[in-house]
Amino acid sequence: MFTSTAFITLLSVTISSLARAAQLNVTVGGGPLKFDPEFVTANPGDTVVFTFMQTNHTATQSTLANPCSMAPSGFDSGYMPVAASNTNGPFPAAEFTVQNTNPVWVYCKQANHCQQGMVFAINPGTQFAAFQAAAMGGSSSTATTATAPPATGAVSATTTVSGSAAPTSTVSTDHKVVVGGSTLTFTPSNISAQVGDTVTFQFMQKNHTATQSTFANPCRDLTSTSTSGQVGFDSGFMPVAAGATTFPAYTIQINNTSPVWVYCKQAGHCGQGMVFSVNAVESSANNYAAFQARAMQLNGTGTSTSASPSPTGTTTGGATKISTSRDAGVAVGLASFVLGMLLM
């Protein structure tokens, strides 16, 4: 059984570890082809927030040996397009939570940006110069430009770094939804979510999307059917090879409790019932079953044709950020609880 001294020591260590978690901000692009700063030193639990400037960049994990090639199971923000005319924001962001003190190597996979030295590192020690020199020495990585519109309405969308997304508050929930795989389905296909919750779509084999639509037009994107200028979210096509062991993800945040209707725009998939909903009212005529039935009745009217791979993502002003002030609040609450136990 812990003594009072042991309790106080444990409490001190816990508060110290929570309080020192830091947010490290990194600017990507915006003029020079560089990450600014080019490397940081971070502790486990710290968050590195990549803020993307003009015009279209990524933050993609690589290795010291192959600076300009994505590491197996590495994170990837996806392309973050920013218009040249956008000088005041909002700017998209992606975040990565540091797990340990091992080096993390990062590059921009746009065209030849990596080969021009656009690389970044977390805890590189004395090896950053060698990493950047190796990138500029000819390691190969090519990509085409990808663009996507911002999302509006009941949700906002953000491309997330795999495994590092965090809720906006201590009570929010991230709902995981598997897209595709062995069946043409979203699993689960219908969820209830609260304001502030996030929904993360994880894409499986072969090539699917998570695209916002409407109940009236299940298999057509909201952007093209809206009469009031609404712009719906769209993950873009997410190609996944049959033998893949890592899977791309796309996250939306719920801004209100209105129903959100989603479909896969890969040719024929929506017409086969590959749709999804958030907060569909089951007691109403416009419930999930009716939405799916309508999609199948219309036989996918308005679905796009099969598209070439396009690793895109959208955002309306940044990824969800971990608040260090929130962590301090958790520490204070924990302190109150433990001290109360000691005084009983």
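What counts as what
- Residues numbered from 1 in each chain as written.
- Predicted model: local features only at pLDDT ≥ 70, side-chain atom pairs only at ≥ 80, totals over all residues.
- Heavy atoms only, no water.
- Phe/Tyr/Trp six-rings, centres within 6.5 Å; stacked < 30°, edge-to-face > 60°.
- Disulfide = S-S within 2.5 Å.
- Helix = DSSP H or I, 4+ residues; strand = E, 2+ residues; numbered from the N terminus.
- Pairing = 2+ DSSP bridges.
- Buried < 20%, exposed > 50% of the residue type's maximum accessible area, 1.4 Å probe, protein only.
- Contact = heavy atoms within 4.5 Å.
- Axes fitted to C-alpha atoms, helices over the stretch in contact; angles between N-to-C directions.
- Salt bridge = Lys/Arg side-chain N within 4 Å of Asp/Glu carboxyl O.

Per an unreviewed UniProt entry, the chain goes by Cupredoxin and derives from Paxillus involutus ATCC 200175.

*Asks:* Just give me the short version of the packing of aromatic side chains, but keep the residues and values in it.
*Replies:* Enumeration over the complete set of coordinates arrives at 14 aromatic pairs. Joined through ring pairs, the aromatic side chains of F39, W105, F128 and F131 make up one cluster.

*Asks:* Outline the state of the cysteines, listing residues and values.
*Replies:* In a disulfide, the sulfur atoms of two cysteines are covalently bonded to one another. One pass over the full model with this rule turns up two disulfides. The disulfide partner of C68 is C114, and the gap between their sulfur atoms is 1.9 Å. The chirality of the disulfide connecting C68 with C114 is left-handed, given an S-S dihedral of about -80°. Here C68, found in the loop between β6 (60-62) and β7 (80-82), pairs with C114, found in the loop between β9 (104-107) and β10 (119-122); they are 46 residues apart in sequence, far enough to count as distant.

*Asks:* With reference to specific residues and values, describe the sheet that holds strand β1 (residues 23-28).
*Replies:* With respect to topology, four strands assemble into an open sheet ordered β2-β1-β4-β8, the strand pairing being mixed. The sheet is open, and its two borders are formed by β2 (35-36) and β8 (93-97), each paired with just one other strand.

*Asks:* Please provide a residue-by-residue account of unusual backbone geometry, values included.
*Replies:* Cis geometry marks the peptide bond from G89 to P90; its omega dihedral reads 0°. Mapping P90 onto the fold places it in the loop between β7 and β8. Q205 connects to K206 through a cis peptide bond whose omega is 15°. Positive phi, normally seen in glycine, also occurs at S73, with a value near 65°. Tracing the chain through its elements places S73 in the loop between β6 and β7. A residue is classified by how much of its surface remains accessible, and S73, at 56% relative accessible area, is exposed. Phi is positive for N123, close to 55°, though the residue is something other than glycine. Structurally, N123 can be placed in the loop between β10 and α2 (128-136).

*Asks:* Outline the sheet that holds β6, supporting the account with residue identities and numerical values.
*Replies:* Spatially, β3-β10-β9-β6 is the arrangement adopted by the four strands of the open sheet, whose pairing is mixed. Each edge of the open sheet is held by one strand with a lone partner, namely β3 (39-40) and β6. Where α2 meets the sheet, it contacts β3, β6, β9 and β10, and its direction lies at approximately 150° from that of β10.

*Asks:* Outline the pattern of salt bridges, supporting the account with residue identities and numerical values.
*Replies:* Side-chain pairs of opposite charge can arise whenever the charged atoms involved come near each other. For the coordinates displayed, the defined rule picks out three salt bridges. Ionic pairing is found between K176 and D174, a salt bridge with its closest N-O pair at 2.9 Å. Classification of D174 by relative accessible area gives partly exposed; the value is 27%.

*Asks:* Could you give an account of the pairing of strand β15 (residues 198-203), naming the residues involved and the relevant values?
*Replies:* Among the six residues that make up β15, five are buried, leaving the element largely enclosed by the rest of the structure. In this structure, strand β12 (residues 174-179) lies alongside β15, joined through six bridges in parallel fashion. Pairing of H175 across the sheet is with V199, part of β15.

*Asks:* An account of the environment of T41 is requested, with residue identities and associated values reported.
*Replies:* Following the sequence through the fold, T41 ends up in the loop between β3 and β4 (47-52). Counting along the chain gives 60 residues from T41 to T101, while the straight-line C-alpha distance between them is 8.6 Å. Not counting residues within four places of it along the chain, the set of residues in contact with T41 comprises L24 and N123.

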